[in-house]
Every structure is written in C-alpha cells, then in structure tokens.
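# Remarks on the overall topology
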Amino acid sequence: MSIDRVFVIGAGLMGHGIAQVSATAGKQVTLSDRTAELANKGRDRIAGNLARLVEKGKLDQSQAEAILGRVATAVGPDGAAGHDLVIEAVFEDEALKRETWVALTKAADPDAVFATNTSSISITGLATATDRPPRFIGLHFFSPVPVMQLIEIIRGLETDDDTYDACRAFAQDLGKIVIESKDMPGFLVNRMLGPFINEAVFALMESTGSAEDIDTGAKLGLNHPMGPLELADFVGNDVMLGVLDVLYRGFGDPKFRAAPLLRQMVTAGHLGRKTGRGFYRYDEKGNRLGR
Ligand code: 3HC
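What counts, and where the lines are drawn
Residues numbered from 1 in each chain as written. Predicted model: local features only at pLDDT ≥ 70, side-chain atom pairs only at ≥ 80, totals over all residues. Heavy atoms only, no water. Near = heavy atom within 4 Å. Polar contact = N/O pair within 3.5 Å; in protein donor to acceptor, adjacent residues only side chain to side chain. Areas by Shrake-Rupley, 256 points an atom, 1.4 Å probe, with all protein chains shown as cover. Helix = DSSP H or I, 4+ residues; strand = E, 2+ residues; numbered from the N terminus. Nonpolar A, V, L, I, M, F, W, Y, C, P; charged D, E, K, R; others polar. Phe/Tyr/Trp six-rings, centres within 6.5 Å; stacked < 30°, edge-to-face > 60°. Buried < 20%, exposed > 50% of the residue type's maximum accessible area, 1.4 Å probe, protein only. Lys NZ or Arg CZ within 6 Å of the ring centre and 35° of its normal. Expected span 1.5 Å × (residues − 1). Arc of directions from axis to C-beta. Pairing = 2+ DSSP bridges. Axes fitted to C-alpha atoms, helices over the stretch in contact; angles between N-to-C directions. Contact = heavy atoms within 4.5 Å. Right-handed = clockwise from strand over helix to strand, strands pointing away. Domains from an automatic or database assignment. Buried area = accessible area lost by both parts, 1.4 Å probe. Salt bridge = Lys/Arg side-chain N within 4 Å of Asp/Glu carboxyl O. Core = buried A, V, L, I, M, F, W, Y, C linked by side-chain atoms within 4.5 Å.

### Focus: the site of the ligand
Residues in contact with the ligand amount to 16 residues; listed here are only the nearest, Lys56, Lys58, His140, Ser143 and Asn190. For the ligand, an oxygen atom lies 2.6 Å from a polar atom in the side chain of histidine 140. Between the ligand and the protein, one listed contact pairs a nitrogen atom with a backbone N or O atom of serine 143 at 2.7 Å. A total of 1,000 Å² of accessible area belongs to the ligand in isolation, and the protein chains cover 61% of it. At the level of elements, helix H7 (189-205) and helix H9 (228-235) are the ones that each hand at least two residues to the shell around the ligand. Grouping the amino acids of the shell around the ligand by side-chain chemistry returns 10 nonpolar, 4 polar and 2 charged.

Structure representation (structure tokens):
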C-alpha cells in the first residue's frame, strides 16, 4: 500500500505543518478546516514558511511553487474521497475528534488509512468512531512540524500490520525518525513532557522561582532549546492541560494531577502564543514581549 494522496483535516499549528512536510515530500495534499477562511489561512502559513526557506537559500522559488501547488484546500470532511491517507489534526477534544471521524468515515474511500495526530487520547477508543479499527493508527507529530525530526506511531489494539507498515513508510518519506509507542495515556513523549511542564508550573505557583529563572534553568542547566513554561505557551496551555487530564484519568495516579495555576490560566483564556498571553506575553506575530 503506497501513500501518495493525503487529506489533512484541521489547518492549525499542527495541520498546516503536516500538510507542508507531506507536500514537500511530493505528496498531493488537501488541507481542510471548518471554513474556507481557516483552510486558506493554513495554506497561507505554508506559503510564508516556504518563502522564508527561499529567502534563506534553502529552496528555489520554483521548488517552493511546486510544493505549494501540491496543496489544495477544502471545507470540512467532504473532500476526503480520493485520498490514501486521512490525517486528523483538529482540537484536542475527544468529542470533537469522534464527531470528525464519524463524518470522515462517510466521506473517505472505504480503503483509506485513518490516522489521528492526537497528543494523548486513546487510539483504540477513537478508532471505534470509525468503521475501520484495523486501518486506524496514531501518527503523533511534534511542533514545529517542519523542524522536529520525530513522529511517534501508536498502534491501537486492532491496527493491522499493513496500516502500520504503510504509515511507517510514509513517515520515512517525510524524512522523519519514527518511534513506536503502545496505546497508553500520553504515549511515550507526552508522558514525559506533561509531568515536566506541570512541575515547572507548580514551582512557579509556589513562588520557588520566577518564570524566567525556571526557563533559564532548563535551557542552561539541561540544554533544552526552550524552558518548560515557554514550551507550554508554544504548544498551548490548553493542549498541555488536556494531556495532563488524560494522564491523570488514564493512570488514576495523583502524580499526574494538573497544577491549579495551569487550569486557571486555561479558564482565563491565557493559552500562550496563540492568544497573545500565557506565562509570557506575545505580539500578534507570536514574538515574545516579556511577562
Ligand atoms: N516552522 C518552520 N520552521 C521553523 C519554525 C516554524 N514554526 N520555527 C523555527 N523554525 C526553523 C527556523 O527557520 C530555523 O531554521 P534554520 O536553522 O534552517 O535557519 C530553525 O527552525 C531554528 O529556528 P530559530 O533560529 O528561529 O529559533 P530557535 O533556534 O530558537 O529554534 C525552535 C526554534 C526550533 C522552535 C526551538 O526553540 C525548539 O526546538 N524548541 C522546542 C520545540 C519542542 O520541544 N517541540 C515539541 C513540543 S511537544 C509537541 O509538539 C507534542 C504535542 O503533542 C504537545
């Protein structure tokens, strides 16, 4: 089974990046969202990223045009027919993901492979919203997708070998390194990242140190490219809270309880870069302004 045509639903931070790397690898891509405006915004972000690569001399103008020429847009799940692989990258909300998969099951070809980019929700569980648990899998990308080398592949209880092999080959076509995780809450990476970020928020909440010192500690003391609070703002505090809640419920272990400050920030709408305010403040382009 070869994957040449890819439908990506959800044109946000992850979805537009997934579409970009797929088109760069020569795949025909359709990028879809709830409205034409959102889908076009995702495609415009790809155009902007490609233009920067051209400016840096990493891509020819003609290559950039060819890549962008492979990205079509659509509204909702309706254009999913005619694609070998459907990747879902909508908000990290189980009810919304299930609803999206019910609609995609009706719209997509019967033999298409289904992959979710969930950060932590059960693959086995989401597969039950479709008619094809054997052809359903987790393909977990990392942000920023064009830069991060990893894809975490998660097999649900019923995922078959053909689906796994095709998705592994697809990930390799994108130039990514693959790790495999069992379908356990948070998989491998977010099971580590969730408690790390959460502990940083507890330290801030308890006034053990300032946000800047916590982040500088991780950057200079651990050689991380970003500190945990910066990273939470980058990924989205709502996404990190969702990961922690899945870990807490899934393992039933109090060590995963989310820091009350993280929950408060999400309640207040301080989701990080995307809302202009999180642990730090940002301008409309996402540049840091300070606290
Ligand atoms: N899209 C495309 N390329 C980007 C980019 C973006 N959004 N942001 C940065 N880049 C590229 C730059 O163009 C630059 O490329 P070059 O080296 O070829 O010129 C390179 O990345 C480095 O960027 P900068 O020099 O501007 O900035 P930094 O050196 O500070 O790097 C960073 C930025 C790559 C984001 C780095 O800070 C980093 O790696 N941070 C950690 C990211 C991380 O941990 N991601 C995982 C989050 S967890 C997740 O996604 C899972 C989810 O389920 C929660």
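So much for the structure itself; the text now carries on.
### Section: the packing of aromatic side chains
In total, this model carries 3 aromatic pairs according to the counting rule given. Between tryptophan 101 and phenylalanine 114, the aromatic rings sit 4.7 Å apart at their centres with planes inclined by 35°, giving tilted as the arrangement. One end of the pair, tryptophan 101, is in helix H4 (residues 94-107); the other, phenylalanine 114, is in strand E5 (residues 113-116), and 13 residues separate them in sequence. The residues tryptophan 101 and phenylalanine 114 share a single accessibility class, namely buried. A cation over a ring is seen here: arginine 132 above phenylalanine 114, with NZ or CZ 4.0 Å from the ring centre. A cation over an aromatic ring shows up here: arginine 288 above the ring of tyrosine 280, its NZ or CZ 3.5 Å from the ring centre.

### Here we look at helix H8 (residues 211-222)
Taking 1.5 Å of rise per residue, the 12 residues of H8 would be expected to cover 16 Å, and the 16 Å separating its terminal C-alpha atoms lies within 8% of that figure. Here H8 has its buried residues at Ala211, Ile214, Asp215 and Ala218. Summarising the axial view, the buried residues of H8 lie within an arc of 95°, below the 170-degree limit, and thus occupy one face. Across from the buried face of H8, at angles greater than 90 degrees, the exposed residues are Asp213, Leu220 and Gly221.

### Regarding the sheet that holds strand E3 (residues 71-75)
Sheet strands associate in pairs through backbone hydrogen bonding, adopting either a parallel or an antiparallel arrangement. An order of E3-E2-E1-E4-E5-E6-E7-E8 is seen for the 8 strands of this open sheet, with the pairing classed as mixed. The open sheet has two free edges, formed respectively by E3 and strand E8 (177-181), since each of these has just one partner strand. With strand direction ignored, the average angle separating the axes of adjacent strands in the sheet is 25°. Two strands pair when backbone bridges link them, and strand E2 (residues 28-33) and E3 are joined in this way by 5 bridges, in the parallel orientation. Considered in E3, the bridge of threonine 30 is made with alanine 72. Each of strand E1 (5-9), strand E4 (85-88), E5, strand E6 (136-141), strand E7 (150-155) and E8 is contacted by helix H6 (residues 161-173), which is oriented at about 25° to E6, the strand it contacts most.

### Things to note about the pairing of E2
By the criterion of burial, E2 is predominantly enclosed, with 5 of the 6 residues buried. Direction of pairing for E1 relative to E2: parallel, over a ladder of 5 bridges. When the bridges of E2 are listed, arginine 5 appears paired with glutamine 28. In the classification by handedness, the crossover that spans E1, the intervening helix H1 (residues 13-24) and the parallel E2 is right-handed.

### A closer look at the domain arrangement of the protein chain
As far as domains go, the protein chain holds domain 1 (5-181) and domain 2 (190-284). Taking only C-alpha atoms, the centre of domain 1 and the centre of domain 2 are 26 Å apart. With 7 residues of domain 1 at the interface, the matching set in domain 2 holds 6 residues. Here domain 1 packs against domain 2, burying approximately 580 Å² in sum over the two surfaces, 63% of which is carbon and sulfur. Across the contact surface, domain 1 and domain 2 share 0 salt bridges. Scanning the region where domain 1 abuts domain 2 turns up 1 residue pair in polar contact (both at pLDDT 80 or more). Of the residues contributing to the side of domain 1 that touches domain 2, the split by class is 3 nonpolar, 4 polar and no charged.

### Looking at the nonpolar core
Grouped together as the largest cluster of nonpolar side chains are 36 residues, with contacts concentrated most on Ile18, Leu85, Leu139, Phe141 and Phe170. For leucine 139, the contacting residues outside a window of four places in its chain are Leu85, Ala115, Thr116, Asn117, Ile151, Glu152, Ile153, Cys167 and Phe170. Counting residues in each nonpolar core, the second largest holds 24 residues, with Ile197, Ile214, Leu261 and Phe279 among its members.

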